[in-house]
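Coordinates in review
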Amino acid sequence: MVGVLIRLKLRLLSHGLHGTARALTLILGVLGGLVAAGFSVFLMNIDTLGAPVPGYDLTAGIFAGWTLGWVLGPIFVAGSDETLQPEHFRLLPVSPRKLAAGLLAAAAVGVPAVVSLLAFGGLVLRASVDGLAPVLVAIVGVLAQLVFVLTLSRVVVGALGDVLRSRRGQDLGVLLAAGVGLLVLPFQYVLNTVSAGLVLGFPPELGEVLRWLPPGWAPAAVAASVRGDWLTVAAGLGGLLALTMVLAQVWAILLRRRMTRPSVGLRGADVRTGNGLLQRFLPAGPVGAVAAKEVRTWWRDPRRRAVLLPALVIGLVLPLVLLSVNPAAAMIAPAGGLLVVGFAALNAGNLYGFDGTALWHILVQPDAARADIRGRQLGWLVYVAPVALLAVLVLPAVTGRPGAYPYVLALLPALLGGGAGLLVILSVFAPFPVAAQRGNPFAGSGNPGCAKALLQLVIGLLLLVAAAPPGLLLLGGALSGNAVLTWLALPAGIGSGVLFGWWWGALAARRLAERGPELLAAVRT
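Residues numbered from 1 in each chain as written. Predicted model: local features only at pLDDT ≥ 70, side-chain atom pairs only at ≥ 80, totals over all residues. Heavy atoms only, no water.

1. A few points about the overall build of the protein chain
- Looking only at helices and strands, one finds 23 helices and 0 strands in the protein chain.
- Counting only residues that meet the buried cut, the protein chain has 50% of its 525 residues in that class.
- Taking the intrachain contacts of the protein chain between residues at least 6 apart in sequence as the baseline, contacts between residues at least 24 apart amount to 82%.
- Total accessible area on the protein chain stands at roughly 23400 Å², and carbon and sulfur atoms take up 72% of it. (Helix = DSSP H or I, 4+ residues; strand = E, 2+ residues; numbered from the N terminus. Buried < 20%, exposed > 50% of the residue type's maximum accessible area, 1.4 Å probe, protein only. Contact = heavy atoms within 4.5 Å. Areas by Shrake-Rupley, 256 points an atom, 1.4 Å probe, with all protein chains shown as cover.)

2. Details of helix 4 (residues 96-107)
- Look at helix 4: 16 Å from first C-alpha to last across 12 residues, which is about the 16 Å you get at 1.5 Å a residue.
- Considered for burial, the residues of helix 4 that qualify are Leu99, Ala100, Gly102, Leu103, Leu104, Ala106 and Ala107. (Expected span 1.5 Å × (residues − 1).)

3. Some remarks on helix 11 (residues 217-227)
- By the criterion of burial, helix 11 is predominantly enclosed, with 8 of the 11 residues buried.
- Taken together, the buried positions of helix 11 are occupied by Ala218, Pro219, Ala220, Ala221, Val222, Ala223, Ala224 and Ser225.
- Looking one or two residues beyond helix 11, the residue adopting positive phi is Gly228, at roughly 80 degrees.

4. Describing the pattern of salt bridges
- Using the criterion set out here, one finds 10 salt bridges in the structure.
- A salt bridge links Arg211 to Asp57, with the shortest nitrogen-to-oxygen separation between them at 2.6 Å. Here the residue Arg211 occupies a position in helix 10 (residues 204-212), and Asp57 occupies one in helix 3 (residues 55-77), the gap between them amounting to 154 residues.
- By relative accessible area, which is 28% here, Arg211 ends up partly exposed.
- Owing to a relative accessible area of 10%, Asp57 belongs among the buried residues under this scheme.
- Here Lys293 and Glu294 are joined by a salt bridge, their closest N and O atoms 2.9 Å apart.
- We classify Lys293 as partly exposed; its relative accessible area is 32%. (Salt bridge = Lys/Arg side-chain N within 4 Å of Asp/Glu carboxyl O.)

5. Here we look at the side chain of Arg374
- Locating Arg374 in the fold gives a position in helix 19 (residues 369-398).
- No salt bridge is formed by the buried Arg374; the nearest opposite charge belongs to Asp372, separated by 11 Å.
- Reaching out from Arg374, the side chain makes a polar contact with the backbone oxygen of Gly501 at a distance of 3.3 Å.
- In contact with Arg374, other than residues within four places in its own chain, are Val287, Gly501, Trp502, Gly505 and Ala506. (Lys, Arg positive; Asp, Glu negative; His and termini not counted. Polar contact = N/O pair within 3.5 Å; in protein donor to acceptor, adjacent residues only side chain to side chain.)

6. Considering unusual backbone geometry
- Notably, Asp367 is not glycine yet its phi reads approximately 55 degrees, a positive angle.
- Take Asp367: it is sitting in the loop between helix 18 (360-363) and helix 19.

7. Brief notes about the packing of aromatic side chains
- Counted under the stated rule, the structure contains 6 aromatic pairs.
- On the numbers, 6.1 Å between centres and 40 degrees between planes, the contact of Phe500 with Trp503 is tilted. Of this pair, Phe500 and Trp503 both sit in helix 22 (residues 483-514), 3 residues apart, roughly one helical turn.
- When its relative accessible area of 39% is taken as the criterion, Trp503 is described as partly exposed.
- Grouped by ring-pair contacts, the aromatic residues Phe63, Trp66 and Phe120 constitute a single cluster.
- When the ring centre of Tyr56 is taken as origin, the NZ or CZ atom of Arg126, which lies over that ring, is 4.7 Å away.
- Stacked on the ring of Trp298, the Lys or Arg Arg304 has its end atom at 4.8 Å from the ring centre. (Phe/Tyr/Trp six-rings, centres within 6.5 Å; stacked < 30°, edge-to-face > 60°. Lys NZ or Arg CZ within 6 Å of the ring centre and 35° of its normal.)

8. Quick word on the packing of helix 1 (residues 2-15) against helix 4
- One way to put it is that helix 1 packs onto helix 4 with a least axis distance of 8 Å and a crossing angle of 40 degrees. Relative to helix 4, the element helix 1 is oriented oblique. Seen from above, helix 1 lies across helix 4 with right-handed handedness. Two secondary-structure elements touch here, helix 1 through Val2, Leu5, Ile6 and Lys9 and helix 4 through Leu99, Gly102, Leu103, Ala105, Ala106 and Ala107.
- Counted by class, the contact of helix 1 with helix 4 contains 8 nonpolar, 1 polar and 1 charged residues. (Axes fitted to C-alpha atoms, helices over the stretch in contact; angles between N-to-C directions. Parallel < 35°, antiparallel > 145°, perpendicular 65-115°, else oblique. Left-handed = near helix turned anticlockwise from the far one by under 90°. Nonpolar A, V, L, I, M, F, W, Y, C, P; charged D, E, K, R; others polar.)

9. Description of the side chain of Asn350
- Counting through the fold element by element, Asn350 comes out in the loop between helix 16 (336-347) and helix 17 (351-355).
- On the basis of relative accessible area, Asn350 is assigned to the buried category, the value being 4%.
- Dropping the residues within four chain positions of it, Asn350 is found in contact with Ser427, Pro431, Phe432 and Val434.

10. Examining a nonpolar patch on the surface
- A contiguous nonpolar surface patch, about 500 Å² in accessible area, is contributed by Ile27, Leu28, Leu31, Leu34, Val114 and Leu118.
- Mapped by element, the contributors of at least two residues to the nonpolar patch are helix 2 (20-44) and helix 5 (111-120).
- Looking at which element gives the most residues to the nonpolar patch, the answer is helix 2, with 4 residues.
- Its place among the elements puts Val114 in helix 5. (Patch = residues over 30% accessible without salt bridge, like charges linked within 9 Å, V, L, I, M, F, W, Y side chains within 5 Å.)

11. Quick word on the environment of Gly353
- Position of Gly353 among the secondary structure elements: in helix 17.
- Taking C-alpha positions, Gly353 is 9.7 Å from Ala430, a pair spaced 77 residues apart along the chain.
- Among residues more than four places away in sequence, those in contact with Gly353 are Phe432, Val434 and Val523.

12. A few points about the environment of Val94
- The topology assignment puts Val94 in the loop between helix 3 and helix 4.
- Residues Val94 and Met1, 93 residues apart in the sequence, show an inter-C-alpha distance of 9.0 Å.
- The contacts of Val94, once residues within four sequence positions are left out, are Met1 and Leu99.

13. Some thoughts on the confidence of the model for the protein chain
- Counting all residues, the mean pLDDT for the protein chain is 79, and 76% of those residues have values of 70 or more.
- In this model, residues 265-275 is a region of pLDDT below 50 whose contacts with residues beyond four sequence positions or in other chains number 16 contacts. (pLDDT = per-residue confidence, 0-100.)

As structure tokens, then:
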């Protein structure tokens, strides 16, 4: 069963890489992953170059960072790899445990798993300095760590998906996902401490905490083998394997629940007819009709809510929590509204992938591309703009930095317009299929995780382009002390947002009209 699923996933991945754009994206994503893995390996061995840090404690911190990435990645980018969907095997005479084992083995086939294995391999290189026995222990620890992060990621995403299968649980689960996303805060603390430790020395209390956490058990076992403490070696590796087995059993239970319980899908409140509050604020005509449809779909589709709501919640809460944890983050705290726009644009740039083959409704209607693009831009702004504006108006005063008002007020309209434009640009130039909603709203497709992260990096860079005109005026005003120049950035930000939102929307509409059949083929699941 395991071999069959691995071969099936390899075949699906190979079929999903047709086309120069996808192949190039994958190559660049692999290169980015290799750079991250190589840097991790370098840090694990930096003590051999004379840095004042205990190598195995630092390795435990790096392992914790990669583990956190496996937990947060699918939630931040809605990219849990479900190239093999469990529902496809529902009618086969296979037990949930055997299917869970096969899917976990197939999860190891892919760019993220290979890159993680290379990063964890730095522990073997570090152990080679201390002899043969530590190397053997490190090899077992690396493999156990890889299986652990794969299983943990599946359990976290599966548990959130299980919560989202009920109507009330969908809203609670998305907020819970945002809470899980805030786990980035302890990672920031560890990162800051490790960065300072590379120069000033590694805090021994931090090393003690990292060794007690599951990601630190493998490095702790290797360090114990150097001392000849084989009881600690057995406890570390055995504990990691036992925890992984428990998580695998939980994953099998979640898998069985997912395959046997019905999903609410897109069912929600009955559609009301007539002129409601929404219709009063939206323009009449095709653009307003598309925008109204988008507003309803963003709220009713669990996959879209899983993309949008965590971005809104994390963007608002993260600056305040950072301020309470680290007073040095006071400059970031007033920018919560800007983070809301950035996160929402990063996550939502695959609109036609969500719709799938329903795109053909647009293609068969003459001159429907422009109205569809403009309506989708407006529907996204209906949710994002009020939240971001409220945050921009409130956070500078709440955080005690009223001087940040000219900066955030000038940058917000530029980012809103740029985000609305990039939303549709990415949707038509780099679409990818999204699995049909059955059991996991965080499910991605066969698009590799590293490639998706690269696409989000491109979005971020283009958002900086949209923010450049007001940003340059703000920089000039800050350097020269000219308040007039600083406040001139506000109309510049509005003009920049309108320009980039209109321009990139027009490019997307032309692309949809000219390459609609190719886009339809790209989003087919």
